[in-house]
Amino acid sequence: MARRNLKDARIIVTGASSGIGRALAIQLCQRGSHVLATARRIERLHALQDLCKSMPGKITILEGDLTNIPHRQQIVDQATSQWNALDVLINNAGAGAIGRFDGASSDRLRRVMEIDFFAPVELTRLCLPLLERGRKPAILNIGSVLSHRAVPNKSEYCAAKFAMRGWAESLRVELAAPRIEVLMLSPSTTRSEFLDALVDTKAEEKSTSVGSMLPERVAQLAISALVRSKREMILSLGGKSLVWAGRLFPRLTDRILGRFA
Ligand SMILES: NC(=O)c1ccc[n+]([C@@H]2O[C@H](COP(=O)([O-])OP(=O)(O)OC[C@H]3O[C@@H](n4cnc5c(N)ncnc54)[C@H](OP(=O)(O)O)[C@@H]3O)[C@@H](O)[C@H]2O)c1
C-alpha cells in the first residue's frame, strides 16, 4: 500500500494544547502539514502557534469545548473555509476518571462518555463530507490500551474507550467504499497532563499504572501509523502484555488487577 505523504496534508488535531495532541501538532508542522489545532485553553494554543511559526507547515488554532455541538460545527466550518476538504482527522482530545463505580455519580459517566466517545464520534460524522474530498483520507482515533483490556477503578474511561474501538471497527468496514481509512492507536500510560485533568476524581485517588511513555514518542508512533496506514497499534510492551494476558488468562489477570484496586 502506498505510504501517506503528510507534506501539505490538511489535518485536524483535537486536544492540541498539551500532551500527545500538542506533540502531534508540532511534529506534523515539522513535516509540512497544514494543521487545525483545537482545545479549550487558548493561551496554550497561541504558544503552540508561536512555536510552529518557523516550521515548514502551517497551523491555525480554534478554541472551544469539543463536547459542545456548536464548537464541533465551528471546527468543520473552519476546515471548510480554509481547505474545502480534509485529509486526516485526529480524534485525540480526551480525559479520564479514577475511582470505584459504586462511589461515583452518573454525571461522571456522562462527562467521560461525552468527551471520550460522543465528541469524537459526532465530530467525525460532521467531517465525513470533507474527508470524502480529501487526498488518501484517514481518521486516526487515539484510543488506549484500556480500549482492549479494562482495569478496575477506571470503569467509565474503559467503557468510553471500548466504545470508541467498537465504533471504529464498524466504521472501518463501512468507509472502505469511499476509501476513508480508519486507524486506531492505543497508547499506554503517557507522561502528559492527563492525570491532572481527571473528571470528578477525589484528590486521594491515585493512578496505579506502571511505566510511562513520552508524548513525543507516542506522537512519532502515531505519525508512523498514519504514514503506513496501520489499522491498529497497541503501544508499549507493558500495554501489549496486559492485553495478551487478558485474552489468554482472563481470570488470572482479573486476580492480579484486583490486588492493585
Ligand atoms: N496519558 C495517558 O496515560 C494516556 C494513555 C492512553 C491514552 N491516552 C489518550 O490520549 C489522548 C490525549 O491525552 P493526553 O495524555 O495527551 O492528555 P492531556 O495532556 O490531558 O491532553 C488532553 C487534551 O484534550 C483536550 N481536552 C480535554 N477535554 C476537552 C474538551 N472538553 N474539549 C476540548 N478539548 C479537550 C485538552 O485540552 P484543553 O484542556 O485545553 O481543552 C488537552 O489538549 C486522550 O484521548 C487520552 O485518553 C492517554
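Structure shown above.
The structure displayed is predicted, hence computed values, not measured ones.

Caption draft 1: Representation of the sheet that holds strand S3 (residues 58–63) in the model. Pairing in this open sheet of seven strands is parallel, and the strands run S3-S2-S1-S4-S5-S6-S7 from one edge to the other. At either margin of the open sheet sits one strand with a lone partner, and together these are S3 and strand S7 (232–234). Mean inter-strand twist for the sheet, computed between neighbouring axes without regard to direction, equals 15°. Those strands touched by helix H2 (residues 42–52) are strand S2 (34–39) and S3, and its axis lies near 175° from that of S3. The strands that helix H3 (residues 69–82) touches are strand S1 (10–14), S2 and S3; relative to S3, the one it contacts most, it runs at about 155°.

Caption draft 2: Up close: the site of the ligand. Of all residues adjacent to the ligand, which total 29 residues, the nearest are Ser 17, Arg 40, Asn 92, Tyr 157 and Ser 192. A distance of 2.5 Å separates an oxygen atom of the ligand from a polar side-chain atom of Tyr 157. Separating an oxygen atom of the ligand from a backbone N or O atom of Thr 190 is a distance of 2.8 Å. Within the complex, 95% of the 890 Å² of free accessible area of the ligand lies under protein. Taken together, the elements giving at least two residues each to the shell around the ligand come down to helix H1 (19–30) and helix H5 (155–174). Here the shell around the ligand is composed, by residue class, of ten nonpolar, 14 polar and five charged.

Caption draft 3: Spotlight on the packing of aromatic side chains. Following the criterion strictly, the structure yields two aromatic pairs and no others. Between Phe 117 and Phe 118 the ring centres are 5.2 Å apart and the planes differ by 65°, which places this aromatic pair in the edge-to-face class. By relative accessible area, which is 38% here, Phe 118 ends up partly exposed. Positioned above the aromatic ring of Trp 244, the side-chain terminus of Arg 247 is 4.9 Å from the ring centre.

Caption draft 4: Spotlight on the pairing of S2. S2 sits mainly inside the fold: six of its six residues count as buried. Where burial is concerned, the two faces of S2 agree: the one with His 34, Leu 36 and Thr 38 and the one with Val 35, Ala 37 and Ala 39 are both buried. Where S1 lies against S2, five bridges are found, and the strand directions are parallel. If you follow Arg 10 over to S2, its bridge partner there is His 34. Following the chain from S1 across H1 to the adjacent parallel S2, one finds a crossover that is right-handed.

Caption draft 5: Structural detail: the environment of Gln 27. Following the sequence through the fold, Gln 27 ends up in helix H1. In the structure, Gln 27 is positioned 34 residues away from Ile 61 in sequence and 16 Å away in space, judged by C-alpha atoms. For Gln 27, the residues in contact, after removing those within four places along its chain, are Glu 216, Ala 219, Gln 220 and Ile 223.

Criteria and thresholds
- Residues numbered from 1 in each chain as written.
- Predicted model: local features only at pLDDT ≥ 70, side-chain atom pairs only at ≥ 80, totals over all residues.
- Heavy atoms only, no water.
- Pairing = 2+ DSSP bridges.
- Helix = DSSP H or I, 4+ residues; strand = E, 2+ residues; numbered from the N terminus.
- Axes fitted to C-alpha atoms, helices over the stretch in contact; angles between N-to-C directions.
- Contact = heavy atoms within 4.5 Å.
- Near = heavy atom within 4 Å.
- Polar contact = N/O pair within 3.5 Å; in protein donor to acceptor, adjacent residues only side chain to side chain.
- Areas by Shrake-Rupley, 256 points an atom, 1.4 Å probe, with all protein chains shown as cover.
- Nonpolar A, V, L, I, M, F, W, Y, C, P; charged D, E, K, R; others polar.
- Phe/Tyr/Trp six-rings, centres within 6.5 Å; stacked < 30°, edge-to-face > 60°.
- Buried < 20%, exposed > 50% of the residue type's maximum accessible area, 1.4 Å probe, protein only.
- Lys NZ or Arg CZ within 6 Å of the ring centre and 35° of its normal.
- Right-handed = clockwise from strand over helix to strand, strands pointing away.

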